[in-house]
Amino acid sequence: MQAITYLRVSTDKQGKSGLGLEAQREAAARFASSNGLTIINEYVETETGKGSNALSKRPQLVAALADAKRLKATLLVAKLDRLSRNTLFLLTLLDSKVDVAFADMPKVQGPMGRFLLTQMAAVAELEAGLISQRTKDALAAAKANGKELGKNGRALATKRKAEAADRIAPLAPMLNELKGRGLSMRAIVAELNANAVPSPGGGKWHLASLDRALRRINEGEASAA
């Protein structure tokens, strides 16, 4: 069985640095290995996932779907939310008759697979809507109580960003050296934990904490250039 992977990041910075893609690529490779799939091609997109017409804004996804349909291959996505949180959009994909699999879900096909995917998408869309509504309600309540919105939040964000940069700065040479060896994100995490190197938060390293650290290092180097 053949598979075509689709990887997506939501910002230009993530796309240019490759951050986030490595973890998706590794997840897809593990899933393919455990399900007897051979990855024959990869498509990478840097684009927002918002909107029911998101398919028209993602030429790489359109190409991946056409390739998978032509070769009768499975379209393999690392995570459901990397594809879309919009139920209508997901149903459009399912109607394309391409077998879609997600590395963070059991491999299911046919009517049961369609049912599970649409339920998962509906829950994700509901969650996104509730988060948005809670944020709007909190901002409205703060404004009603006379609080100046934005100013304090920006100052706190700037302070936290500076503190994070200070914690990460001493680790930059080591992380750049490990990355320069060509190690994968997972291998770097394993090496750091094996050598008892604390993360910026003081605990063990994980893919997420390494991703954040490398992103801040890249941002620091870009601003210094």
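Scroll up a little and you will see the structure.
Residues numbered from 1 in each chain as written. Predicted model: local features only at pLDDT ≥ 70, side-chain atom pairs only at ≥ 80, totals over all residues. Heavy atoms only, no water.

Draft legend 1. Structural context of helix α8 (residues 172–180). By the burial criterion, the buried members of α8 are Ala172, Leu175 and Leu178. On an axial view of α8, the arc spanned by its buried residues comes to 135°, and they lie on one face. With respect to the buried face of α8, the exposed residues turned more than 90 degrees away are Pro173 and Gly180. Gly182 sits one or two positions beyond α8 and adopts a positive phi of about 85°. (Buried < 20%, exposed > 50% of the residue type's maximum accessible area, 1.4 Å probe, protein only. Helix = DSSP H or I, 4+ residues; strand = E, 2+ residues; numbered from the N terminus. Arc of directions from axis to C-beta.)

Draft legend 2. Structural detail: the nonpolar core. Among the nonpolar cores identified, the biggest contains 16 residues, and Ile4, Tyr6, Leu61, Leu65, Leu75 and Phe102 are the most heavily contacted of them. For this core, the secondary-structure elements that each account for two or more residues are β1 (2–9), α3 (59–71), β3 (74–77) and β4 (100–102). Sort the elements by how many residues they give to this core and α3 lands first, with four residues. Ignoring sequence-local partners within four residues, the contact set of Ile4 consists of Ile40, Asn41, Tyr43, Ala64, Asp67, Ala68, Leu71, Ala73, Thr74, Leu75 and Leu76. In terms of nonpolar packing, the next biggest core, distinct from the first, is built from 15 residues, Met185, Trp205, Leu210 and Ile217 among them. (Core = buried A, V, L, I, M, F, W, Y, C linked by side-chain atoms within 4.5 Å. Contact = heavy atoms within 4.5 Å.)

Draft legend 3. How the structure looks around the environment of Gly202. Residue position: Gly202 is located in the loop between α9 (185–194) and α10 (207–224). By relative accessible area, Gly202 is classed as exposed at 57%. Through-space distance from the C-alpha of Gly202 to that of Arg167 is 9.7 Å; in sequence the pair is 35 residues apart.

Draft legend 4. Structural view of the pairing of β3. Here β3 shows a buried face lined by Thr74 and Leu76 and a second buried face lined by Leu75 and Val77. When β1 meets β3, the two strands line up parallel, connected through four bridges. Among the inter-strand pairings, Thr5 is bridged to a residue of β3, identified as Leu76. Where β3 meets β4, three bridges bridge the pair, whose relative direction is parallel. Residue pairing in the sheet places Leu76 in a bridge with Ala101 of β4. (Pairing = 2+ DSSP bridges.)

Draft legend 5. Structural context of the side chain of Ser209. Relative to the helices and strands, Ser209 is located in helix α10. By relative accessible area, Ser209 is classed as buried at 11%. One polar contact links the side chain of Ser209 to the main-chain amide nitrogen of His206, over a distance of 2.8 Å. (Polar contact = N/O pair within 3.5 Å; in protein donor to acceptor, adjacent residues only side chain to side chain.)

Draft legend 6. Local environment of the environment of Ala23. Note on placement: Ala23 falls in helix α2 (residues 21–34). Separated by 163 residues in the primary sequence, Ala23 and Arg186 have C-alpha atoms spaced 7.8 Å apart.

Read these as layout, nothing more, since geometry by itself doesn't imply function.
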